[in-house]
Amino acid sequence: MIFELCKNGQAAPVVVEENAINGLAFMAGKFCKDIELVTDCKPQIVSEMPKEEYAVLIATCGDSAYLDKLEAEGKVDLSAIRGKREVYGIFLCDGTMFGVKNLMVVAGSDKRGAVYGMFHISELMGVSAWVYFADATPAKKAEIIFDKSVEMVSKEPSVTYRGFFINDEQPCLGNWAKEKFGSHKPTPELYEHIFELLLRLKGNYLWPAMWRSDFTLDHIENAILADKMGVIVGNSHHEPCCRSGQEFQILRHEHPEYGKDWSFLSNAEGISKFWEDGLKRNQPYESLITIGMRGESDSYLMPEDATLEDNINVLKSAITAQKKLIKEYGNQQHPQLLAIYKEVEDYYQGDENTVGLKDWDVLENDIMMLCSYNTETNEVHITS
């Protein structure tokens, strides 16, 4: 069996059902642009199966009547996909039950699985993941034809969170963003390219720019777009509860309820309200919620004369409050992460006289991010 994705100046239409998972049609549009980039023929995206010789179905398990029918008729086998995380299958099959002679099916276990499947086909066409950022224009082709060798089921990723930490975006990214997009702060127009690169590389996770930028505060559209495209957004080691490090200093003047001090000793009520509002704001969007608390600008949370036990206890108080807020105002399906960075490593390990956070059962279901800090080059290498 062969499948003509594009031939004689005609591209096969791409089917994304009306009730498809949010963002799937948007990402299918990027797949169609890849086809156009290679062939100069842009496929039409339709919501119902067309009466054509060739068509492409993009769908996710559990959200597609077409997939259900194909599986029931024995045309595709979704058993190795269903219930998995970020897995995709590519199948060529007879679609005559829908009025299509030849059907290419890209079936994802979830939205990211389907997106990875589309971008896998883009790679086979010659489209580099770096098509935008490295000006890697693919070679033109008069036709794109696949045979049965294109069929496959991907492996489930062995690493759950894979992505970028933009960190200090100034001056390099910020100056380039100003030149290309009109603002030193990354805009949704720029983040769309960053999200796309991440997904083309089979990543799923982003710590956004955070030195002079505030991802959600600057543009709520940043968070909306990330969720739409399938990118999980976190926050760095001193940005708990979906709020960037600078938001408190920016907003406390307009919100007296937040208090004046970034301190969980003197301003626990105000800081808690600040976290509550961040969790409410970002509750609809897929997140990995940073917990814990650090001082401003990589400083210690407590005075220098505070003991190790003092620091551990105030951090425990902050985390306990955060978990209560997440349960009440956040999305409990979103995982939580403690970044064990610089002085937090001491609090995590404890010493011979002080029990550290590693032995605290409150954290037993959370992600511990281990960071090795290179003081000579100011680099942070993160593993989890």
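Summarised in this report is the structure supplied together with it. (Residues numbered from 1 in each chain as written. Predicted model: local features only at pLDDT ≥ 70, side-chain atom pairs only at ≥ 80, totals over all residues. Heavy atoms only, no water.)

1. Things to note about the pattern of salt bridges
Enumeration according to the criterion identifies 24 salt bridges in this entry. Among the salt bridges present, the one from E276 reaches K273, with a minimum N-O distance of 3.4 Å. Residue E276 and its partner K273 are located together in helix α9 (residues 268-282), separated by three residues, close to a single helical turn. The class for E276 is buried, based on a relative accessible area of 11%. Across the pair D366 and K323 runs a salt bridge whose closest N-O atoms are separated by 2.8 Å. Taken as a pair, D366 in the loop between β16 (354-355) and β17 (367-374) and K323 in helix α10 (residues 308-329) lie far apart in primary sequence, 43 residues in all. Through salt bridges with shared partners, a single ionic network connects K30, D34, E192, E196 and R200. (Salt bridge = Lys/Arg side-chain N within 4 Å of Asp/Glu carboxyl O. Helix = DSSP H or I, 4+ residues; strand = E, 2+ residues; numbered from the N terminus. Buried < 20%, exposed > 50% of the residue type's maximum accessible area, 1.4 Å probe, protein only.)

2. Section: the environment of P138
Tracing the sequence through the fold places P138 in the loop between α3 (111-125) and β8 (144-147). The class of P138 is buried, set by a relative accessible area of 7%. In this structure, P138 is in contact with L37, V38, G126, V127 and V131, ignoring residues within four places of it in sequence. (Contact = heavy atoms within 4.5 Å.)

3. Describing a nonpolar patch on the surface
A cluster of nonpolar side chains, contributed by W130, Y132, F133 and L201, occupies part of the molecular surface with about 350 Å² of accessible area. Following the sequence through the fold, L201 ends up in the loop between α5 (188-200) and β11 (205-209). (Patch = residues over 30% accessible without salt bridge, like charges linked within 9 Å, V, L, I, M, F, W, Y side chains within 5 Å. Areas by Shrake-Rupley, 256 points an atom, 1.4 Å probe, with all protein chains shown as cover.)

4. Considerations on a negative patch on the surface
Together, E304, D305, E309 and D310 make up a region of like negative charge exposed at the surface. Assignment of secondary structure puts E304 in the loop between β13 (289-290) and α10. (Lys, Arg positive; Asp, Glu negative; His and termini not counted. Charge placed at Lys NZ, Arg CZ, Asp CG, Glu CD.)

5. Comments concerning the environment of N175
Secondary-structure assignment places N175 in helix α4 (residues 172-181). Assessed through its relative accessible area of 42%, N175 is described here as partly exposed. Along the chain, N175 and K185 lie 10 residues apart, while their C-alpha atoms are 9.0 Å from each other. Residue contacts for N175: discarding those within four places in its chain leaves Q170 and H184.

6. A look at the state of the cysteines
Under the definition given, this model contains zero disulfides. We note that C61 lacks a disulfide partner, and the nearest cysteine sulfur, in C93, lies 14 Å from it. Assessed through its relative accessible area of 14%, C61 is described here as buried. C241 takes part in no disulfide bond, and the closest cysteine sulfur to it belongs to C242, at a distance of 6.9 Å. Owing to a relative accessible area of 0%, C241 belongs among the buried residues under this scheme. (Disulfide = S-S within 2.5 Å.)

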